[in-house]
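Structural characterization, general
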Amino acid sequence: MAKCILIVEDDLICFKVGKMFFEMQGYEVEYAESGEEALQLFAHKMWGQKPYSAIYMDIGLPKLNGIETCIAIRKLESEKALSPVPIIAVTGNNDPEMIKSCLSAGMIDVLAKPLTKPKSLYFISKCNL
């Protein structure tokens, strides 16, 4: 059974690139185009037979941004006494304060866009997949 990665990305091209890289490595990929959708999928999956192995989280999402979504996921995990799923932020903003905010929210690392094959392999290794 392949491990499943959730890609939270509002840009369809970025999603397709990420999906291609992760599927080439044998992972299943699910997609959410907003923070709200990611929370719904996460809540549904956390009770299933196959929860997410990792989350690739865009930061610049409309409405509920990636940092807010991560905080909400961490709250759900805490309330249900679940182990935290690895979440890696993906952003075009490499400002040190942005990186600090991502890590403070509970993300394990921050990758700069665009996603490339070496970065996707780094994501996989950083998440211990």
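The structure presented is a predicted model; accordingly, all values stated were derived computationally and were not measured. (Residues numbered from 1 in each chain as written. Predicted model: local features only at pLDDT ≥ 70, side-chain atom pairs only at ≥ 80, totals over all residues. Heavy atoms only, no water.)

1. With respect to the packing of helix α2 (residues 35-45) against helix α3 (residues 66-79)
So the rule is basically this: A fitted line through C-alpha atoms serves as each axis, taken over the contacting stretch for helices, and the angle formed by two N-to-C directions is quoted from 0 to 180°. A run of H or I in DSSP counts as a helix once it spans at least four residues, and a run of E counts as a strand once it spans at least two, with each numbered from the N terminus. An angle counts as roughly parallel when it lies under 35 degrees, as roughly antiparallel when it exceeds 145, as roughly perpendicular when it falls between 65 and 115, and as oblique in every other case. By definition, turning the near helix anticlockwise from the far helix through less than a right angle yields a left-handed crossing, and turning it clockwise yields a right-handed one. Contact definition: two residues touch when any of their heavy atoms are within 4.5 Å. All amino acids are sorted into three groups, where Ala, Val, Leu, Ile, Met, Phe, Trp, Tyr, Cys and Pro are nonpolar, Asp, Glu, Lys and Arg are charged, and the leftover types, Gly among them, are polar.
One way to put it is that α2 packs onto α3 with a least axis distance of 10 Å and a crossing angle of 20 degrees. By the angle class used here, α2 and α3 are roughly parallel. Note that α2 runs across α3; the crossing there is right-handed. Judged by residue contacts, G35, A38, L39, F42 and A43 of α2 engage T69, A72, I73, L76 and E77 from α3. Tallied by class, residues from the contact of α2 with α3 come to seven nonpolar, two polar and one charged.

2. With respect to the pairing of strand β5 (residues 109-112)
Inclusion rule: Should DSSP find at least two bridges between two strands, the strands are regarded as paired. Orient the strands so they point away from the viewer, and a crossover whose first-strand-to-second-strand path over the helix runs clockwise is right-handed.
Direction of pairing for strand β4 (residues 87-91) relative to β5: parallel, over a ladder of four bridges. Across the sheet, V90 pairs through a bridge with L111, a residue of β5. Considered for its hand, the β-α-β crossover made up of β4, helix α4 (residues 96-105) and β5 is right-handed.

3. Considerations on α4
Working note: α-helix, 3.6 residues per turn, so residues spaced by three or four point in the same direction. Note the threshold: Here's how the labels work: a residue is buried when its accessible area is under 20% of the maximum for its type, exposed when over 50%, partly exposed in between, all with a 1.4 Å probe on protein chains only. Directions from the helix axis toward the C-beta atoms define the arc.
Every buried residue belonging to α4 is among M98, C102 and A105, and all of these are buried. Along α4, the residues classed as buried sweep out an arc of 70 degrees about the axis, all on the same side. Opposite its buried face, α4 presents the exposed residues P96, E97, K100 and S104, each directed more than 90 degrees away. In this fold, the buried residues of α4 make contact with α3, β4 and β5.

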